[in-house]
Amino acid sequence: MRTPELLAPAGTLRNLRYALAYGADAVYAGLPRYSLRVRNNDFDLANLATGIAETHRLGKRLYLAANLMPHGAKLKTFIDDMQPIVELAPDGLIMADPGLILLARERWPDLPIHLSVQANTVNAAAVRFWQQQGLQRVILSRELSLAAIAEIRDACPEMELEVFVHGALCIAYSGRCLLSGYFNHRDANQGACTNACRWEYRLAEITDSPAITPRHPDAEAVYWLEESQRPGEYMPMFEDEHGTYILNSRDLCAIEHVARLVAMGIDCLKIEGRTKSHYYVARATQAYRAAIDDALAGRPFRSELKRDLEGLANRGYTEGFYRRHAPQETQNYRDGVSRHQRQIFVGDVRDAETGWIEVTVKNRFAVGDTLELLTPQGNQRFQLEQLHHLNGEPLAVAPGSGWQVRIPMPNAVGDYALLTREYTPLPTESNQSNSSTDLHPSPAQ
């Protein structure tokens, strides 16, 4: 059985450090000009040098995404821009465009190249094609089932294969979307996506009008979408025999399939989220690290790992395309879980004086709350009995971001510790149903 690489996102140098501390074997970062994440990306040349050096000191790997679909202007600058970056010795480039791949292979023939999910690889013949071009690894399309992935693995035993197991999904085919460019003239395929699929839309049924194309005579009704900032502009919504496909996808969570992917010999399991917080990176990496280790040891899947991931801000979870039909016993999970299973990130933690830790508060928590301390060495759940201001004044509540407080903790926590609280609705928060959209996520997440 192969030991798969756990690959975690590193949108910032801080996130890189948390990913490595919580168990990632490798991280991936983006090049602002040439990847699909130009926003929230602090990897200039200096930070890349620091990140690559720190990663290599730990004996781990760092890959760089250069996976956009470039227009001609970026072809002219690519080699010159990449030269100082390649000299830093990253462990590989993640690329999608055949033209950029050609330029990179000609200039740096020994540099490993991984084919991005943006290239939409869905069959074994395509994998063999890219293997013949000298690529080291193919990141398979998200639109594949477990059975299809297993077939590709069997047909291409000598090629490294990588799959996504967690993170945001696009409504478009492997992320090739035109909505952002249409609405805002910011091209998602150039890394400038505005997430137009997640804006607020109103569903309307409109009678025939001279200003609107008449509906098909066999259609019972025609429904239209109206974006909140574009009143009076109506977009038709259609349904086929498979259902209606509208915009905002749930997030991928395939942790229960890790054992199957490990057993079939997938080389790398990847977590999406280069624009997410350090808390997201730490919690997701820790959960998937445990799932991989359990699979390698032959231990059964632990459902608490799935519950831990509910503590992350999400749009509701889905298995994506891994299974055609979800089993009945997990159906409630697909629709969301009860509030007490969710957690909210409340603070960064560091050691203070003996018996106390200092918390930089991100979200409200109070005496009496059930908290969980996350550390790379393991987690600890407890009920908070005391809370002090840094000056020693007792407090009942840490109101939110901007506060620094101390709480008792008998043992030192070391670096990269984080604090969460179990979710309970506050008086000012909505007390609606426990649907997957009623998550009250913190902006910090």
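All figures in this text were calculated on a predicted structure; none of them were measured in a lab. (Residues numbered from 1 in each chain as written. Predicted model: local features only at pLDDT ≥ 70, side-chain atom pairs only at ≥ 80, totals over all residues. Heavy atoms only, no water.)

Trainee: Could you give an account of the packing of helix 1 (residues 13–21) against helix 9 (residues 278–297), with specific residues and numbers?
Mentor: Axis separation between helix 1 and helix 9 bottoms out at 8 Å; the angle between their running directions is 20 degrees. On the basis of the axis angle, helix 1 is roughly parallel to helix 9. Taken as a pair, helix 1 and helix 9 cross one another with a handedness that is right-handed. Facing Arg14, Asn15, Tyr18 and Ala19 of helix 1, the residues of helix 9 in contact are His278, Val281, Ala282 and Thr285. (Axes fitted to C-alpha atoms, helices over the stretch in contact; angles between N-to-C directions. Helix = DSSP H or I, 4+ residues; strand = E, 2+ residues; numbered from the N terminus. Parallel < 35°, antiparallel > 145°, perpendicular 65-115°, else oblique. Left-handed = near helix turned anticlockwise from the far one by under 90°. Contact = heavy atoms within 4.5 Å.)

Trainee: Could you give an account of empty space enclosed by the protein, with specific residues and numbers?
Mentor: Following the criterion strictly, the structure yields four cavities of 30 Å³ or more and no others. Residues of the lining of the largest cavity, tallied by class, amount to nine nonpolar, two polar and two charged. (1 Å grid on protein atoms, 1.4 Å probe; cavity = no way out; pocket = protein on both sides within 12 Å on 5 of 7 lines; lining within 4 Å. Points joined across faces, edges and corners; volume = space filled by probe spheres on them. Nonpolar A, V, L, I, M, F, W, Y, C, P; charged D, E, K, R; others polar.)

Trainee: How would you explain the packing of aromatic side chains if you had to name every residue and give the values?
Mentor: This model, assessed by the stated rule, comprises five aromatic pairs. Between Tyr18 and Tyr22, the aromatic rings sit 6.5 Å apart at their centres with planes inclined by 10 degrees, giving stacked as the arrangement. Each member of the pair, Tyr18 as well as Tyr22, carries the same accessibility label: buried. Between Tyr279 and Phe345, the aromatic rings sit 4.7 Å apart at their centres with planes inclined by 5 degrees, giving stacked as the arrangement. In this pair, Tyr279 is assigned in helix 9 and Phe345 in strand 16 (residues 343–351), connecting sequence segments 66 residues apart. Judged on exposure class, the residue Tyr279 and its partner Phe345 are both buried. (Phe/Tyr/Trp six-rings, centres within 6.5 Å; stacked < 30°, edge-to-face > 60°. Buried < 20%, exposed > 50% of the residue type's maximum accessible area, 1.4 Å probe, protein only.)

Trainee: So what about the pattern of salt bridges? Which residues, and what values?
Mentor: For the structure on display, the rule yields 24 salt bridges. Residues Glu162 and Lys270 are paired through a salt bridge, measuring 3.4 Å at the closest nitrogen-oxygen approach. Taken together, the positions of Glu162 in strand 7 (residues 160–167) and Lys270 in strand 14 (residues 268–271) put the pair 108 residues apart, joining distant regions of the chain. For the pair Glu162 and Lys270, a shared accessibility class is recorded, and that class is buried. Note that Asp293 is salt-bridged to Arg289, the shortest N-O span being 3.3 Å. (Salt bridge = Lys/Arg side-chain N within 4 Å of Asp/Glu carboxyl O.)

Trainee: Explain the sheet that holds strand 20 (residues 378–383) to me, using residue names and the numbers behind them.
Mentor: Pairing within the open sheet is antiparallel, and its seven strands lie in the order 20-19-24-16-17-23-21. Both edges of this open sheet fall to strand 20 and strand 21 (388–389), since each of them pairs with a single strand only. By the bridge criterion, four bridges tie strand 19 (residues 370–375) to strand 24 (residues 417–422) in an arrangement that is antiparallel. Residue pairing across strands places Leu371 opposite Arg421, the latter belonging to strand 24. (Pairing = 2+ DSSP bridges.)

Trainee: So what about unusual backbone geometry? Which residues, and what values?
Mentor: Of note in this structure, Ala89 is not a glycine but carries a positive phi near 65 degrees. Structurally, Ala89 is set in the loop between helix 3 (72–86) and strand 4 (93–95). Residue class for Ala89 comes out partly exposed when judged on its relative accessible area of 41%. Of note, the phi angle at Asn120 is positive, near 60 degrees, even though the residue is not glycine. Locating Asn120 in the fold gives a position in the loop between strand 5 (113–115) and helix 5 (124–132). Since its relative accessible area comes to 18%, Asn120 is described here as buried.

Trainee: Can you break down the side chain of Asn15 residue by residue, with the values?
Mentor: Assignment of secondary structure puts Asn15 in helix 1. Residue classification places Asn15 among the buried positions, given a relative accessible area of 3%. A polar contact is formed between the side chain of Asn15 and the backbone nitrogen of His278, at a distance of 3.3 Å. In contact with Asn15, other than residues within four places in its own chain, are Pro9, Ala10, Lys276, Ser277, His278 and Val281. (Polar contact = N/O pair within 3.5 Å; in protein donor to acceptor, adjacent residues only side chain to side chain.)

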